[in-house]
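# Descriptive structure summary
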Amino acid sequence: MSQIETVILKPDTNGIAEAALVFWRGGLVAFPTETVYGLGADARNDVAVAKIYAAKGRPSFNPLIVHLADVAAVHNYCEISDVAQRLAAAFWPGAMTLVLPLLQDAGISKLVTAGLDTLAVRVPDHVVAQNLLAEFGGPVAAPSANPSGRISPTTAAHVIAGLSGKIDAIVDGGTCGVGVESTIVDCSGPVPCILRAGGIPTEALEACLGMALATPSDPTTPTSPGQLLSHYAPQGSVRLNARHFDAHETGLGFGAVDAQLNLSPSGDLVEAAANLFAMLHRLDAMGATAIAVSPIPDHGLGRAINDRLKRAAAPRD
Ligand code: TXA
Ligand code: MG
């Protein structure tokens, strides 16, 4: 792919207007959301969406999440069941993606859904994302703004490191507050089911619906098409549930442990989620060849963190 100049835009009125123009022209803009930076394109434009796959080096069977400004806009593209409506009312805007039946003639590029008859949609809760979606006025397909298989970006600098020269622009909106991707709930069938643990804890969704939700029992089974096992990979090897760190290892701690980096010295899962990807990026920058990670409790945001860490530790091709 030939290199293009990547413009860094401010998150102000001019920057947002410029970014919306890039979408109208069929270009790619990386922008901040509360979870991670997304790499956006007009979801109705086949060529623009194809550029996302090319920039990320992403296998094309992997469908994308469409970002919309508000719940009203979702009705233009999807059928929304009662259960989906309850979740939408409780958690949108926010770190939740719903997989819903796609309306016929919704005008979404088939490259976005990878030919599925469902669509993953999200209304993000970040002022820059909201302003950009409102200014553009259309659906924005956006995977995380990292090269395929690499760590998701939580700062503009991470995006630049991975994709500079391959995308038209980045809106620099600082650090993402949540730090792990959205929770994906499949509401296209009779029983809702969690496809990916993420920024909204499973417990919160279950409390909202008053029922237990099915979750993927085996992390080696990709339930969402994009849940490839080896993913989020730093350069070094990753050892999980480490109760001590060997001399050759770089420690990624959690709680009161002595480690080179610590996700949350006080053992706070929200803080750990927000730090996770930035610290994996930092381990790369430090040249860590063997990474050992403290045990992380498997509840609340800990589930999303453990899911990402298992993928980071998985055998690689
Ligand atoms: O927080 C997030 O969700 C971020 C920000 C940018 O919104 N986006 C993100 O996108 O994480 P991405 O492309 O890295 O992950 C999207 C996931 C993939 O695992 C994909 O397989 C799944 O969503 N997905 C998309 N459409 C789907 C569908 N129709 N059915 C099932 N899974 C779907
Ligand atoms: Mg991703």
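Please read these numbers as outputs of a predicted model, since none were measured by experiment.

This brings us to helix H10 (residues 301-313). Here H10 contains 13 residues, and its C-alpha end-to-end distance of 18 Å stays within 8% of the 18 Å for a straight helix at 1.5 Å per residue. The inward-facing, buried residues of H10 contact strand E10 (193-196), strand E11 (237-239), helix H9 (269-285) and strand E14 (290-293).

Another aspect to go through is the state of the cysteines. Summed over the entire model, instances satisfying the criterion amount to 0 disulfides. Cys 78 forms no disulfide, and the closest cysteine sulfur to it belongs to Cys 187, at a distance of 11 Å. By relative accessible area, Cys 78 is classed as buried at 3%. With no disulfide of its own, Cys 193 lies 9.3 Å from the sulfur of Cys 187, the closest cysteine sulfur. Look at Cys 193 and you get partly exposed, because its relative accessible area is 24%.

Let us now look at the domain arrangement of the protein. Domain boundaries assigned for the protein yield domain 1 (7-209) and domain 2 (237-313). Across the domain 1/domain 2 interface, buried area totals approximately 1,400 Å², and carbon plus sulfur atoms make up 60% of it. Between the two partners, domain 1 and domain 2, sit 3 salt bridges. One salt bridge in this structure joins Arg 303 and Glu 203, with 3.7 Å as the shortest N-O distance. Inspection of the domain 1/domain 2 interface yields 5 residue pairs in polar contact (both at pLDDT 80 or more).

Right, let's get into the sheet that holds strand E6 (residues 118-122). Strand order in the open sheet formed by 10 strands is E1-E8-E2-E3-E7-E4-E6-E5-E9-E10, and the pairing between neighbours is mixed. The open sheet terminates on both sides in strands that have one partner only, identified here as strand E1 (7-9) and E10. Two strands pair when backbone bridges link them, and strand E5 (residues 96-101) and strand E9 (residues 183-186) are joined in this way by 4 bridges, in the parallel orientation. Looking across to E9, one finds that Leu 98 is bridged to Val 185. Running over the sheet, helix H7 (residues 156-163) touches E1, strand E2 (29-31), strand E3 (38-42) and strand E8 (169-171) and is turned about 165° from E8.

This brings us to the environment of Ala 161. Within the element layout of this structure, Ala 161 appears in helix H7. Here the alpha-carbon distance between Ala 161 and Asn 146, two residues 15 residues apart in the chain, equals 8.9 Å.

Moving on to the confidence of the model for the protein. Scored by pLDDT, the protein comes out at a mean of 92, with 94% of its residues at no less than 70. Note on residues 218-222: pLDDT under 50 across the span, and 5 contacts to partners over four residues away in sequence or across chains.

As a further point, take the packing of aromatic side chains. Any aromatic ring pair is given by two values, namely how distant the centres are and how the planes are angled relative to each other. Per the counting criterion, the structure on display carries 2 aromatic pairs. Among the aromatic residues, those joined into a ring-pair cluster are Phe 23, Trp 24 and Phe 136.

For the rest of this paragraph, the subject is the sheet that holds E11. An order of E11-E14-E12-E13 is seen for the 4 strands of this open sheet, with the pairing classed as parallel. The open sheet has two free edges, formed respectively by E11 and strand E13 (261-262), since each of these has just one partner strand.

Turning our eyes to something else, we now look at H7. Looking only at H7, the buried set comprises Ala 156, His 158, Val 159 and Leu 163. End-on view of H7: buried residues confined to an arc of 155°, all on one side of the axis. Exposed and oriented more than 90 degrees from the buried face of H7 are Ala 157 and Ala 161. In this fold, the buried residues of H7 make contact with E2, E3, helix H2 (46-56), E8 and H9. In the stretch just after H7, Gly 165 is the one whose phi turns positive, near 90°.

A separate point is the pattern of salt bridges. Evaluation of the coordinates by the stated rule reveals 8 salt bridges. The residue Glu 181 makes a salt bridge to Arg 308 at a minimum N-O spacing of 2.9 Å. Residue Glu 181 is found in the loop between E8 and E9, and its partner Arg 308 is found in helix H10; the two are separated by 127 residues along the sequence. Both residues of the pair, Glu 181 and Arg 308, belong to the buried class. One network of salt bridges, in which partners are shared, links Glu 181, Asp 307, Arg 308 and Arg 311.

Conventions and cut-offs
Residues numbered from 1 in each chain as written. Chains lettered and ligands numbered in written order. Predicted model: local features only at pLDDT ≥ 70, side-chain atom pairs only at ≥ 80, totals over all residues. Heavy atoms only, no water. Helix = DSSP H or I, 4+ residues; strand = E, 2+ residues; numbered from the N terminus. Expected span 1.5 Å × (residues − 1). Contact = heavy atoms within 4.5 Å. Disulfide = S-S within 2.5 Å. Buried < 20%, exposed > 50% of the residue type's maximum accessible area, 1.4 Å probe, protein only. Domains from an automatic or database assignment. Buried area = accessible area lost by both parts, 1.4 Å probe. Salt bridge = Lys/Arg side-chain N within 4 Å of Asp/Glu carboxyl O. Polar contact = N/O pair within 3.5 Å; in protein donor to acceptor, adjacent residues only side chain to side chain. Pairing = 2+ DSSP bridges. Axes fitted to C-alpha atoms, helices over the stretch in contact; angles between N-to-C directions. pLDDT = per-residue confidence, 0-100. Phe/Tyr/Trp six-rings, centres within 6.5 Å; stacked < 30°, edge-to-face > 60°. Arc of directions from axis to C-beta.

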